[in-house]
Amino acid sequence: MEVVIRPDADDVGRTAAGIVQQSLADGVTTLGLATGSSVLAVYRDLIRRHRHEGLSFSGVDAFLLDEYIGLPTSSPQAFAQVIRRELTAHIDLDSERLHVPSGTALDPAAEARRFEQCLTEAGPVGLQLLGIGVNGHIGFNEPGSSLASRTRLKTLTEGTRRDNARFFGGIEDVPRHVITQGLATIGEADHLVLIATGPHKARAVSAAVEGPVTAACPASILQLHAHVTVVVDELAASQLRQRAYYRCIARHKPVGQRY
Ligand code: GLP
């Protein structure tokens, strides 16, 4: 695992966008996208690179991590809308190539299986962007999620509903159920890039990066993956015991060093 510590959220966004651009230049054609506030700075910088530096997403397939169950497709809070509004409407990604689990399917369990199958056929994802919940969730894999899980239905914790209430009228409007890629599904991507900013993420980042691998902190499964980059700002890094070492690696990393 490589831990990259940047001064602030904008710098985190630029760094992660640079990693995405490099991956596309290296031939990646399948991207994994996330929603939430932390990735917004990444998307802003990807849009800037598209407009001003010729970064192209043509021919790229994009898969979203998760979706609320029961919101109308046109709802501004539906992740299918969020990702269009924040990223894909502003770049040259073919709208037919944006894949999101449907939150309005009559049979959500069947929809989860369909999405997993679609990912398997198009995959592996070359680069997957991830945020992290304050309880250590990735996608919507809440604590207690099977480390071997695949795309499926999940019930949100009250804490996650409260955290996401800021995007809705209030907590009562936040759906209880979601479809999310599983932890094993996410782990099949070639490269995982986890973004975290702000002091409220410090505990989750430290548990994910330096704690035990446990379903109690779903993001800790990243420790078992061969290629993970964690990009955090100073505040989110503040509880990492080894942060001096991570900075030392960044200063002296020999060419070709793997993680
Ligand atoms: C939601 C998303 C996650 C995201 C998390 C953190 O729960 N399903 O993919 O990582 O929020 O969001 P934020 O970056 O807004 O803190």
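To be clear, the structure that these remarks concern was listed above.
Residues numbered from 1 in each chain as written. Predicted model: local features only at pLDDT ≥ 70, side-chain atom pairs only at ≥ 80, totals over all residues. Heavy atoms only, no water.

Another aspect to go through is empty space enclosed by the protein. Per the counting criterion, the structure on display carries one cavity of 30 Å³ or more. If you add up the space inside the largest cavity, you get close to 40 Å³. The wall of the largest cavity is formed by M1, L194, A208, V209, A219, L222 and V230. In terms of residue class, the lining of the largest cavity is built from seven nonpolar, no polar and no charged. (1 Å grid on protein atoms, 1.4 Å probe; cavity = no way out; pocket = protein on both sides within 12 Å on 5 of 7 lines; lining within 4 Å. Points joined across faces, edges and corners; volume = space filled by probe spheres on them. Nonpolar A, V, L, I, M, F, W, Y, C, P; charged D, E, K, R; others polar.)

Taken in spatial order, the seven strands of this open sheet run β1-β10-β9-β6-β2-β3-β5, and their pairing is parallel. Either end of the sheet is taken by a strand with one partner, and the two such strands are β1 (2–6) and β5 (98–99). (Pairing = 2+ DSSP bridges. Helix = DSSP H or I, 4+ residues; strand = E, 2+ residues; numbered from the N terminus.)

With that out of the way, let us pick up the pairing of strand β6 (residues 127–130). The two faces of β6 match: L127 and L129 on one face and Q128 and L130 on the other face are all buried. Of the strand pairs in this sheet, strand β2 (residues 30–33) and β6 are connected by two bridges, and their pairing is parallel. Across the sheet, the residue bridging to G32 is Q128, located in β6. Pairing geometry for β6 and strand β9 (residues 191–196), over four bridges, is parallel. Bridging from a neighbouring strand, L127 pairs with H191 of β9. (Buried < 20%, exposed > 50% of the residue type's maximum accessible area, 1.4 Å probe, protein only.)

Let's shift gears to the packing of helix α1 (residues 9–25) against helix α2 (residues 40–53). Between α1 and α2, whose axes approach to 7 Å, the crossing angle comes to 55 degrees. With respect to their mutual orientation, α1 and α2 come out oblique. For α1 against α2, the interelement crossing comes out right-handed. In this structure, α1 uses A9, D10, G13, R14, A16, A17, G18, V20 and Q21 to contact α2, whose residues at the interface are A41, V42, R44, D45, L46, R49 and E53. Along the lines of polarity and charge, the residues of the contact of α1 with α2 split into seven nonpolar, three polar and six charged. (Axes fitted to C-alpha atoms, helices over the stretch in contact; angles between N-to-C directions. Parallel < 35°, antiparallel > 145°, perpendicular 65-115°, else oblique. Left-handed = near helix turned anticlockwise from the far one by under 90°. Contact = heavy atoms within 4.5 Å.)

This next bit is on the sheet that holds strand β7 (residues 152–155). Spatial strand order, β4-β8-β7: three strands in an open sheet with antiparallel pairing. Unpaired on one side and paired on the other, β4 (66–68) and β7 mark the two borders of the sheet. Pairs of neighbouring strands in the sheet enclose a mean axial angle of 30 degrees, with direction left out of account. As paired elements, β4 and strand β8 (residues 177–180) share three bridges and run antiparallel to each other.

Relative to the elements of secondary structure, R49 occurs in helix α2. Owing to a relative accessible area of 13%, R49 belongs among the buried residues under this scheme. A distance of 3.3 Å separates a polar atom in the side chain of R49 from the backbone oxygen of R14. In this view, R49 contacts R14, A17, G18, Q21, G54 and L55; residues no more than four positions away in its chain are not counted. (Polar contact = N/O pair within 3.5 Å; in protein donor to acceptor, adjacent residues only side chain to side chain.)

Around the ligand lies a shell of 13 residues, among which S37, S38, D66, R166 and K201 are the nearest. In the model, an oxygen atom of the ligand is placed 3.5 Å from a nitrogen or oxygen of the G131 main chain. I132 places a main-chain nitrogen or oxygen 3.3 Å from an oxygen atom of the ligand. In the complex, the protein chains occlude 94% of the 380 Å² of accessible area that the ligand would expose alone. The pocket occupied by the ligand, as judged from atoms lying within 2 Å of grid points, is the largest pocket. Across the shell around the ligand, the residue classes break down as two nonpolar, eight polar and three charged. (Near = heavy atom within 4 Å. Areas by Shrake-Rupley, 256 points an atom, 1.4 Å probe, with all protein chains shown as cover. Sits in = over half its atoms within 2 Å of the grid points.)

The subject of this paragraph is the side chain of S38. Its place among the elements puts S38 in the loop between β2 and α2. Excluding its chain neighbours within four sequence positions, the residues that come into contact with S38 are I195 and K201.

In this section: the layout of surface pockets. By volume, the largest pocket is sized at about 640 Å³. T35, G36, S37, N164 and F167 are the residues nearest the centre of the largest pocket, which is lined by 36 residues in total. Here the lining of the largest pocket gets five residues from one element, more than from any other, and that element is helix α3 (residues 79–86). Along the lines of polarity and charge, the residues of the lining of the largest pocket split into 16 nonpolar, 14 polar and six charged.

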